[in-house]
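Topology and contacts: notes
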Amino acid sequence: MTGLRATLAYVLRQPSGAVGLVLVAVHLLIALAAPFIIPYDAATQNAAAILEPPSLTHLFGTDRLGRDVFSRTLLGGREAMLISTLSAICAMAWGSLLGIVVALAGGLLDAAVMRVVDAMVAIPWILLVMLFVAALGSSTAALIPLLGFSYGLSVVYLARSAALDFVARDFVLAAQVRGESRWTIAVKELLPNIRDSLAVQGAMQWSWIFLAVSSLSFLGMGVAPPTPDWGQMIADARGIMRTAPWTVVWPMVFLSSLIIGVNLAVDAWAKALGIERLGRTPQS
């Protein structure tokens with residue numbers, strides 16, 4: 001707990017880290033409180049209030065169906081956040097364990113697994129996910145394992161690389177001499193030593209997956225209507241950007257501010273832990 005407090009204090013002392021944490025905290029509060037504070041039902045259409053500009057009645061104006069943009073914007077990140085969180089957990093769980101196990105095993109198993117991962121990474125994530133979405137549909141239940149698998153591929157690389165730095169250490173050799181299984185060594189000896197790197201990677205994975213969900217929603221394959229989603233809102237408004245810019249500006253502001261906040265906070269967190277800034281995932 002002391003280490004966590006020290007890390008948090010370091011992040012807050014960095015201007016970028018403090019701004020990032022504030023942005024993330026605000027978005028989390030909005031996502032939790034949105035159902036209780038929105039002034040209108042987000043799915044209700046009003047033919048008498050189509051494309052009304054921002055006013056005291058509709059703070060962010062209305063869209064082409066007369067729906068309240070303020071209410072839809074506040075709700076627009078909830079579903080994507082849920083999908084991103086569960087997908088990131090899935091990606092980190094299987095990717096981390098597989099990467100650690102193959103690093104510990106080495107030899108033929110390591111080579112075979114990594115060649116398969118190389119082949120999968122060579123396929124652009126958007127094509128891979130689109131193929132499965134076309135076959136299975138774009139429900140939340142389908143998106144979570146699809147994105148968790150796609151983004152877990154890059155985690156395998158990180159976990160394997162980090163674990164290779166420790167497999168020849170004395171404490172790992174001692175565990176092998178004691179006759180402990182590879183699984184036990186992976187979980188009890190290697191995982192605790194690379195958890196900081198994996199935690200930072202997990203946070204970055206979350207932001208990449210969130211962008212992926214928004215991109216799929218923009219293409220009509222993500223969060224299904226009538227559930228509001230920022231990517232979906234931007235897609236709906238792209239044809240009326242000049243005449244009704246408020247329909248696209250607000251979801252873009254909320255989407256970009258969340259991603260910027262996560263990246264700023266993670267950068268400061270990585271520096272606090274002495275971890276180098278991670279590059280983008282191979283799928284993104």
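The notes below deal with the structure included here.

About the cut-offs
Residues numbered from 1 in each chain as written. Predicted model: local features only at pLDDT ≥ 70, side-chain atom pairs only at ≥ 80, totals over all residues. Heavy atoms only, no water. 1 Å grid on protein atoms, 1.4 Å probe; cavity = no way out; pocket = protein on both sides within 12 Å on 5 of 7 lines; lining within 4 Å. Points joined across faces, edges and corners; volume = space filled by probe spheres on them. Helix = DSSP H or I, 4+ residues; strand = E, 2+ residues; numbered from the N terminus. Nonpolar A, V, L, I, M, F, W, Y, C, P; charged D, E, K, R; others polar. Core = buried A, V, L, I, M, F, W, Y, C linked by side-chain atoms within 4.5 Å. Buried < 20%, exposed > 50% of the residue type's maximum accessible area, 1.4 Å probe, protein only. Contact = heavy atoms within 4.5 Å. Polar contact = N/O pair within 3.5 Å; in protein donor to acceptor, adjacent residues only side chain to side chain.

Under the definition given, this model contains two cavities of 30 Å³ or more. Quantified by volume, the largest cavity comes out at close to 80 Å³. Lining the largest cavity are Asp63, Arg64, Arg67, Val69, Arg72, Met233, Asp236, Ala237, Ile240 and Thr247. Among the elements of the structure, α3 (69–75) and α10 (230–237) are those that each provide at least two residues to the lining of the largest cavity. A total of three residues in the lining of the largest cavity trace back to one element, the largest contributor, which is α10. Looking at the lining of the largest cavity residue by residue, the class counts come to four nonpolar, one polar and five charged. The calculated volume of the second largest cavity comes to roughly 30 Å³. Taken together, His27, Ile30, Ala31, Leu74, Gly77, Arg78, Met81, Trp230 and Phe254 make up the full set of residues lining the second largest cavity. Secondary-structure elements contributing two or more residues to the lining of the second largest cavity are α2 (15–37) and α4 (78–105).

For soluble globular proteins, nonpolar side chains are generally found buried alongside one another. One finds Leu147, Tyr151 and Phe210 to be the most contacted residues of the largest nonpolar core, which totals 51 residues. Mapped onto this core, the elements with two or more residues apiece are α2, α3, α4, α6 (125–136), α7 (140–164), α9 (182–218), α10 and α11 (246–273). Within the second largest apolar cluster, 17 residues are counted, among which are Met92, Ala163, Leu190 and Ile194.

The buried fraction of α10 is high, at seven of eight residues. Residues of α10 that are buried make contact with α2, α3, α9 and α11.

Glancing now at the side chain of serine 71. The topology assignment puts serine 71 in helix α3. For serine 71, the side chain forms a polar contact with the main-chain oxygen of tyrosine 40, separated by 3.2 Å. Each residue touching serine 71, except ones within four places of it in the same chain, is listed here: Ile38, Pro39 and Tyr40.

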